[in-house]
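Coordinates in review
The chain contents come next:
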Amino acid sequence: MSTKAERTTAYIIETVAPIFNKLGYVGTSMSDLTEATGLTKGAIYGNFENKDSLALAAFEYNSKKLLSEIDEKLNSSGTSLQKLFVLTNFYRHYDTFVEELGGCPILNIGVDANHNNSQLLAATRETIKTIEGKIALVLENGLNNNELRLPVTPLQFSKQLFTMIQGAVAMATITGDRKYLINTIAYLDQLIVREIKK
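Conventions used here
- Residues numbered from 1 in each chain as written.
- Predicted model: local features only at pLDDT ≥ 70, side-chain atom pairs only at ≥ 80, totals over all residues.
- Heavy atoms only, no water.
- Helix = DSSP H or I, 4+ residues; strand = E, 2+ residues; numbered from the N terminus.
- Buried < 20%, exposed > 50% of the residue type's maximum accessible area, 1.4 Å probe, protein only.
- Contact = heavy atoms within 4.5 Å.
- Areas by Shrake-Rupley, 256 points an atom, 1.4 Å probe, with all protein chains shown as cover.
- Lys, Arg positive; Asp, Glu negative; His and termini not counted.
- Charge placed at Lys NZ, Arg CZ, Asp CG, Glu CD.
- Salt bridge = Lys/Arg side-chain N within 4 Å of Asp/Glu carboxyl O.
- Axes fitted to C-alpha atoms, helices over the stretch in contact; angles between N-to-C directions.
- Parallel < 35°, antiparallel > 145°, perpendicular 65-115°, else oblique.
- Core = buried A, V, L, I, M, F, W, Y, C linked by side-chain atoms within 4.5 Å.
- Left-handed = near helix turned anticlockwise from the far one by under 90°.
- Nonpolar A, V, L, I, M, F, W, Y, C, P; charged D, E, K, R; others polar.
- UniProt positions renumbered as here; feature names shortened; annotations may be inferred.

Observations concerning the overall build of the protein chain
Looking only at helices and strands, one finds ten helices and zero strands in the protein chain. Along the protein chain, helices (α) and strands (β) appear in the sequence α-α-α-α-α-α-α-α-α-α when read from the amino end. With the principal axes as the frame, the protein chain shows a C-alpha extent of 60 × 40 × 25 Å. Expressed as a percentage of the 198 residues in the protein chain, the buried residues total 42%. Taking as baseline every contact in the protein chain between residues at least 6 positions apart, the subset at least 24 positions apart corresponds to 67%. By element, 53% of the accessible surface of the protein chain is carried by carbon and sulfur atoms, the whole surface being about 10200 Å². Here the protein chain holds 20 positive side-chain charges and 21 negative ones, and the gap between their average locations is 4 Å.

Here it is as structure tokens:
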């Protein structure tokens with residue numbers, strides 16, 4: 001059983017995570033946070049040292065949700081190739097998944113934090129590395145099980161794959177046209193079949 005303070009902290013994080021993700025660190029004001037939570041500034045800062053620590057907790061909350069979903073996809077049953085297709089299918093509908101998060105936390109917070117919050121930028125970079133590592137592990141298992149062939153190391157292929165996915169996410173987000181996402185994922189499915197399927 002959690003304490004009232006723990007429940008309040010969790011409530012604040014869950015409530016403000018999509019706000020920080022949508023508006024960015026600089027763009028999120030204290031009035032945005034108090035209005036969303038219904039709490040006073042004192043109540044919020046009674047649970048967090050400062051805006052930096054709250055923003056970091058909010059990003060980590062969204063990041064954990066994303067990583068949990070990716071884990072679920074990559075830990076599904078089947079071959080490495082099938083797991084890659086489960087992952088690409090997740091990203092085909094990624095815009096729907098991240099809607100409740102306030103958008104893609106990697107894209108939104110990574111770009112926003114790049115010039116104004118080194119802690120948030122480091123956390124975003126760590127999330128990217130974690131995702132690339134998870135994909136690389138699936139690729140490595142595929143190599144070891146003689147299911148896949150790779151022209152580069154598993155980590156390098158993973159980085160290239162994830163770069164194309166995130167590029168599609170960025171273009172779909174910026175233009176408001178999800179065809180960037182759908183078409184890129186369709187291309188990646190074909191690339192996987194042509195280039196790495198044994």
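More follows now that the structure is in view.
Some details on the pattern of salt bridges
One pass over the structure, following the stated rule, counts six salt bridges. Residue D71 is joined to K134 by a salt bridge in which the shortest nitrogen-to-oxygen separation is 2.6 Å. Placement of the pair is D71 in helix α4 (residues 51-74) and K134 in helix α8 (residues 118-144), with a sequence separation of 63 residues. Under the relative-accessibility criterion, D71 is labelled partly exposed at 26%. On the basis of relative accessible area, K134 is assigned to the partly exposed category, the value being 22%.

Comments concerning the packing of helix α5 (residues 80-92) against α8
Put simply, α5 and α8 touch, their axes get as near as 8 Å, and they point 150° apart. As summarised for this structure, α5 and α8 are arranged roughly antiparallel, according to the angle between their axes. Taking contact as the criterion, the partners of S80, K83, L84, L87 and Y91 in α5 are, on α8, I131, I135, V138, L139, N141 and G142.

Focus: the nonpolar core
Counting residues in hydrophobic clusters, the biggest one holds 35 residues, and the most contacted among them are Y91, Y94, I131 and I135. Of all elements in the fold, only α4, α5, α7 (105-113), α8, α9 (154-175) and α10 (179-196) reach the threshold of two or more residues within this core. In terms of residue count, the dominant contributor to this core is α9 (eight residues). Membership of the second largest hydrophobic core comes to 21 residues, among which are A55, L56, A57 and A113.

What about the packing of α8 against α9?
Direction vectors running N to C along α8 and α9 enclose 125°, while the axes themselves pass 8 Å from each other. By the angle between their axes, α8 is oblique relative to α9. When you trace α8 past α9, the crossing you get is right-handed. Between α8, through I128, I131, E132, I135, A136, L139, E140 and L143, and α9, the contact on the second element is made entirely by P154, L155, F157, S158, K159, L161 and F162. Here the residues of the contact of α8 with α9 are counted per class, giving eleven nonpolar, one polar and three charged.

Looking at the environment of E60
Relative to the assigned elements, E60 resides in helix α4. When its relative accessible area of 36% is taken as the criterion, E60 is described as partly exposed. Distance from E60 to K129, taken between C-alpha atoms, is 14 Å for residues 69 residues apart in sequence.

Details of the UniProt feature "domain: HTH tetR-type" (unreviewed entry) in the protein chain
As annotated by UniProt and renumbered to match this structure, "domain: HTH tetR-type" (unreviewed entry) occupies residues 6-66. The distance from the first to the last C-alpha atom of residues 6-66 is 22 Å, and the span holds 84% helix and 0% strand.

Brief notes about unusual backbone geometry
With a phi close to 60°, N146 is a non-glycine residue in the positive phi region. Looking at the element boundaries, N146 is found in the loop between α8 and α9.

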